[in-house]
Amino acid sequence: MPLYHGREVSLISWKHRKQHNQMIQEMKKSIKENKVKESLVPTSPSPLSHDEKDIITYISHKTNQYNKDNVTRTAAYLKFYQEYPEIEWALLAHLVSRNSGWNMTDLKGECLPHLLSEQEQVDFFMFLERGNWLIFQDAYPQLLLYEESKKQHKPLFHLLPAMNISSFMEASWYFFWYRPSKTMLTYALITNEQHYIEDRLVQSQQIQKNVLGTIEFKLQDLLSLNHILIPYQKGTEIMIIGETVHHFASILKRIELGKRLYHLLFNDKRRLKNVLAWTSQHPHTGSRMDYWPHLFHHTKDTSSYPLRLKTYQCQLKPRAPLLYSPKLQEVWDEIRHQKASNDDWFDDWDKVDFLSKPNTSTSGKIKAAYCETITKLELAALMKKTFLGREEDKKSAN
């Protein structure tokens, strides 16, 4: 019986994959036909009606309102998902955005200020902030237009080009409207967001020089310091699942990572319910105290604790103070961003193949690796402080 059951699950999985691949081919065909038609018969876009202009103005206003900083963006994603749970990407975006905020505050937290210069902290923050801003200002208008389409009971995705949204997403949203597939739409949004930031952020000379090309970033990747954590409550304990980001510069790796995280989040319905309960009860502040108050606090300890490690396996040692993890809005100012370019990344029909199922899955087991990372960071900061202390002693002796 177990053998047969396992075989049945395998067949179902194969069937779903086949159906998914068929939908990809259908979508590629529809996009290709529209592209060919447009290239053969050039037409000017139809002028927008007064009502359509009002919709775009409203969406632009709401996007700017919530695109102030990581905290407001993260909250906006969750609010949208709570209202439209069929758009599963919104919850994934909320959780990934939480991690961006935690990484931003780490730059002013317990350890990294001892390992990075002030300029390096700013460079890394701007890299995280710009990516967070770019994705929101492209994705959130799409979510709001879907909301308006639901209210009017008709698709309004022909307005996406007027908001400088990729033609890839116009096709994806129409496809979702008539052939609802939560997975396909999520893959499309993951693919779009990563292509959107590729030229505008990842490949920019400034980022390549000041962030991706630095020893610190390469060391961060080597030591597996880039964790994406998904917290949830199980009984009285806050659990974490997630995955570690490797090879950030590879767009294919980033897209595959996004798909794996999506399935990790939504494949276990009971755990998903617990994740949702936790996110609803713990508003995002940027402090890691949000999920582990037994280890972190948003107020810096000023006691004279000796130069030694404070934690062991994600637990405080006796009499050790909590690790400092500040609230984001208390350590970073709101940034006024330059407008992003309007180029459409979708220039090849075969890029629809990015919508295929991921080649690998993830167990989500990350606690041990994350605890090891905390120890590594503490140890590195401790060594730096010890070295600087000795240098100061030498100067005083001379």
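Remember, it's a predicted structure, so these values are computed and weren't measured experimentally.

Draft legend 1. A look at the pattern of salt bridges. Taken as a whole, this structure holds eleven salt bridges when the rule is applied. Close ionic contact of Arg254 with Glu198 constitutes a salt bridge, the shortest N to O distance being 2.8 Å. Placement of the pair is Arg254 in helix α10 (residues 251-266) and Glu198 in helix α7 (residues 182-202), with a sequence separation of 56 residues. A single burial state applies to Arg254 and to Glu198, both of which are buried.

Draft legend 2. Region of interest: the confidence of the model for the chain. Looking at the chain, pLDDT values average 86 and 83% of them are 70 or higher. Low confidence marks residues 1-12, where pLDDT is under 50. Its contacts with residues over four positions away, or in another chain, come to zero contacts. For residues 36-44, every residue scores under 50 in pLDDT, and the model assigns this stretch one contact once sequence neighbours within four places are set aside.

Draft legend 3. Seen up close, the packing of aromatic side chains. All chains considered together, the criterion is met by 24 aromatic pairs. Judged by centre distance (5.3 Å) and plane angle (65 degrees), the rings of Tyr77 and Phe136 are edge-to-face. With Tyr77 in helix α3 (residues 70-83) and Phe136 in helix α5 (residues 118-152), this pair connects stretches of sequence that are 59 residues apart. Consider the rings of Trp173 and Phe176, whose centres lie 6.2 Å apart with planes at 90 degrees: the pair is edge-to-face.

What counts, and where the lines are drawn
Residues numbered from 1 in each chain as written. Predicted model: local features only at pLDDT ≥ 70, side-chain atom pairs only at ≥ 80, totals over all residues. Heavy atoms only, no water. Salt bridge = Lys/Arg side-chain N within 4 Å of Asp/Glu carboxyl O. Helix = DSSP H or I, 4+ residues; strand = E, 2+ residues; numbered from the N terminus. Buried < 20%, exposed > 50% of the residue type's maximum accessible area, 1.4 Å probe, protein only. pLDDT = per-residue confidence, 0-100. Contact = heavy atoms within 4.5 Å. Phe/Tyr/Trp six-rings, centres within 6.5 Å; stacked < 30°, edge-to-face > 60°.

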